[in-house]
Amino acid sequence: MKHLAISFIMAFALAGALQAAARKAVVVQTTLGDIRIELYDETPAHRDNFLKLARSHFYDSLLFHRVVRNFVVQAGDPGSKRAEPGQMLGGGTLDYRIPAEIRLPRLYHKRGAVAMAREADEANPGRESDACQFYIVWGKRHSTAVVDEQRQRLDTLGGGATMTDEMASTYRKVGGLPQLDGLYTVFGEVTEGLDVVERMLEVDTDDYDRPLDDIRIIAVRVEE
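Only a predicted model underlies this, so the values are computations on that prediction, with no experimental measurement involved.

About the criteria used
- Residues numbered from 1 in each chain as written.
- Predicted model: local features only at pLDDT ≥ 70, side-chain atom pairs only at ≥ 80, totals over all residues.
- Heavy atoms only, no water.
- Helix = DSSP H or I, 4+ residues; strand = E, 2+ residues; numbered from the N terminus.
- Contact = heavy atoms within 4.5 Å.
- Core = buried A, V, L, I, M, F, W, Y, C linked by side-chain atoms within 4.5 Å.
- Buried < 20%, exposed > 50% of the residue type's maximum accessible area, 1.4 Å probe, protein only.
- Salt bridge = Lys/Arg side-chain N within 4 Å of Asp/Glu carboxyl O.

J.: Please provide a residue-by-residue account of the side chain of Ser-129, values included.
T.: Inspection of the secondary structure assignment puts Ser-129 in strand β7 (residues 129–130). With residues up to four places along the chain from it excluded, the contact list for Ser-129 reads His-46, Arg-97, Ile-98, Met-116, Ala-117, Arg-118 and Thr-185.

Here you go:
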């Protein structure tokens with residue numbers, strides 16, 4: 001019986017490894033280094049949209065136009081490709097939205113998570129995602145009191161939204177943005193290049209959170 005139990009455990013571990021290995025991934029090549037992102041199968045609309053934009057070279061030459069220390073780095077504004085120095089960015093998009101695919105507690109705003117930006121609830125009550133602007137989560141490590149407060153907030157959202165003990169531990173020990181859970185769609189995670197994200201967060205920015213020295217996406221390459 002003991003051997004059988006071990007066999008089941010090994011089978012589940014192998015299945016998990018194969019699932020992770022089968023995920024589609026992209027490499028975001030930037031002027032500060034490369035960032036590898038695995039895309040979640042649990043959010044197929046967001047995954048397929050990002051792959052479509054990458055394969056069409058949409059992201060090539062766009063800027064990381066928003067950098068907020070201890071928070072996020074954000075890119076994907078099509079108007080950033082030829083933006084003048086000091087130009088305010090962040091309002092550019094494409095002519096569609098992506099239906100929300102919020103998958104709590106499986107996918108959440110841990111450090112390194114990749115999610116889509118969106119318009120505020122007032123104009124977008126369905127919390128549909130922007131077509132092209134995405135952000136990479138950094139966030140700080142949170143106190144137990146803050147994590148408990150966010151756990152209570154999620155409990156009030158309903159619809160299965162909850163914070164597990166694993167999530168709470170990650171927010172305390174690693175970092176992230178629990179205040180965004182349940183509000184934005186997380187569709188991937190950085191598996192290599194978090195040091196590049198950290199370097200981005202150290203640059204000087206203007207009053208609109210745009211880096212004074214442009215951080216440009218050279219290309220987004222899909223791993224086939």
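Now that the structure is up, let's keep going.
J.: Describe the nonpolar core, naming the residues involved and giving the relevant values.
T.: Counting 33 residues, the largest nonpolar core has Val-26, Ile-35, Tyr-59, Phe-64, Phe-134 and Ile-136 as its most contacted members. Once you skip the residues sitting within four places of it in the chain, Ile-35 turns out to touch Val-26, Val-27, Val-28, Thr-30, Ile-136, Val-190, Glu-192, Gly-193, Val-196, Val-197 and Met-200. Within the second largest apolar cluster, eleven residues are counted, among which are Leu-107, Ala-115, Leu-177 and Leu-180.

J.: How would you summarise the pattern of salt bridges if you had to cite specific residues and measurements?
T.: Note that side chains of opposite charge can pair when their charged atoms are close. Going through the model one piece at a time under the given rule, you end up with 18 salt bridges. A salt bridge links Glu-38 to Arg-23; the shortest N-O distance between them is 3.2 Å. Separated by 15 residues along the polypeptide, Glu-38 in strand β2 (residues 33–39) and Arg-23 in the loop between α1 (2–22) and β1 (25–30) bring together distant segments of the chain. The buried category is assigned to Glu-38, whose relative accessible area is 12%. Look at Arg-23 and you get buried, because its relative accessible area is 15%. Across the pair Arg-47 and Asp-41 runs a salt bridge whose closest N-O atoms are separated by 3.0 Å. In the salt-bridge network here, residues are joined through shared partners; they are Arg-23, Arg-36, Glu-38, Lys-110, Glu-189 and Glu-223.

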